[in-house]
Amino acid sequence: MEQDSGARGSAELDRVLSALPPGVFTEDGSPTLGAALLVVSACRARGLILDGDLLDAIAERVGVVHDVIRDITRFADALLASADSAAPTQVALCRGVTCTMHGAERLHPLLKSVMQRAGAAHEYKDVFCLSQCEYGPSIMVGKDIWVTRARKVVEDRREWRQGDSRPVPVSDTSAPDLD
Ligand code: FES
């Protein structure tokens, strides 16, 4: 008997979840910080197409809305796409005070472990503020900063820094020396 698409999405997700390292979900099954990103990244690493049914299944399992999963997927894609380049892409993980308060110490090692297992050629470096404190934990991939507050990952394309309404001065530390 053929599975309906919703059941197929759930079955695919179950296979991904069974291969995740311990600690992504608590013993009672609740998602921990970064679970949505880790699940999405693991799906991508397995070459799965994140279509509506699988996205719906992930959103339900990690307790976030569909749009958030889409944002997180874009972030995971940016990380994995950068892994295809010849030279390792630099990834700066903010360990500043605010990002640390909001879970960076737990999120970043999990993120690194998923990306390394996916074969991503990244060089990781801890930095101490990407000037996105109110939205962090913040992560800089190449020249793009991504923020993860409240499990939502949104892309910061940084145009706002060039406008009059930018919330941080131009002389901020948004482009840290990664050498
Ligand atoms: S403390 Fe992380 S962006 Fe400022």
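Since we're looking at a predicted model, the values are computed, not measured.

Student: Tell me what's going on with the overall build of the protein, and back it up with residues and numbers.
Tutor: A count of helices and strands for the protein gives 6 helices and 5 strands. Its helices and strands taken in sequence order, the protein reads α-α-α-α-β-α-α-β-β-β-β from the N to the C terminus. The burial tally for the protein puts 33% of its 179 residues in the buried class. At a minimum sequence separation of 6, the contacts of the protein that also span at least 24 residues come to 69%.

Student: Help me get a handle on the pairing of strand 3 (residues 138-141), residues and values and all.
Tutor: Consecutive side chains along a regular strand alternate between the two faces of the sheet. For strand 1 (residues 89-94) and strand 3, the ladder comprises 3 bridges, and the chain directions are antiparallel. Looking across to strand 3, one finds that V91 is bridged to V141. Bridge count for strand 3 against strand 4 (residues 144-147) is 4 bridges, and the pairing is antiparallel. Looking at the pairing, M140 lines up with I145 of strand 4.

Student: Give me the lowdown on helix 2 (residues 35-45), citing residues and values where you can.
Tutor: Of all the 11 residues making up helix 2, 10 are buried; the element is thus mostly covered by neighbouring parts of the structure. Where helix 2 is concerned, the buried positions are A35, A36, L37, L38, V39, V40, S41, A42, C43 and R44. A positive backbone phi angle near 75° is found at G47, which sits one or two residues after helix 2.

Student: Can you explain the nonpolar core? Please cite residues and give values.
Tutor: A36, L37, V39, V40 and I58 are the most contacted members of the largest nonpolar core, which totals 37 residues. Mapped by element, the contributors of at least two residues to this core are helix 1 (5-18), helix 2, helix 3 (52-62), helix 4 (66-82), strand 1, helix 6 (104-117), strand 3 and strand 4. Element by element, the count of residues in this core is highest for helix 2, at 8 residues.

Student: Requested: an account of the environment of L17, with residues and values cited.
Tutor: Looking at the element boundaries, L17 is found in helix 1. A count of 17 C-beta atoms within 10 Å places L17 in the partly exposed class. Spatially, the C-alpha atoms of L17 and R61 are 9.9 Å apart, while their sequence positions differ by 44 residues.

About the criteria used
Residues numbered from 1 in each chain as written. Predicted model: local features only at pLDDT ≥ 70, side-chain atom pairs only at ≥ 80, totals over all residues. Helix = DSSP H or I, 4+ residues; strand = E, 2+ residues; numbered from the N terminus. Buried ≥ 20, exposed ≤ 12 C-beta atoms within 10 Å, placed from the backbone. Contact = placed C-beta atoms within 7 Å. Pairing = 2+ DSSP bridges. Core = buried A, V, L, I, M, F, W, Y, C linked by C-beta atoms within 7 Å.

The quantities given are spatial measurements derived from coordinates; they are silent on function.
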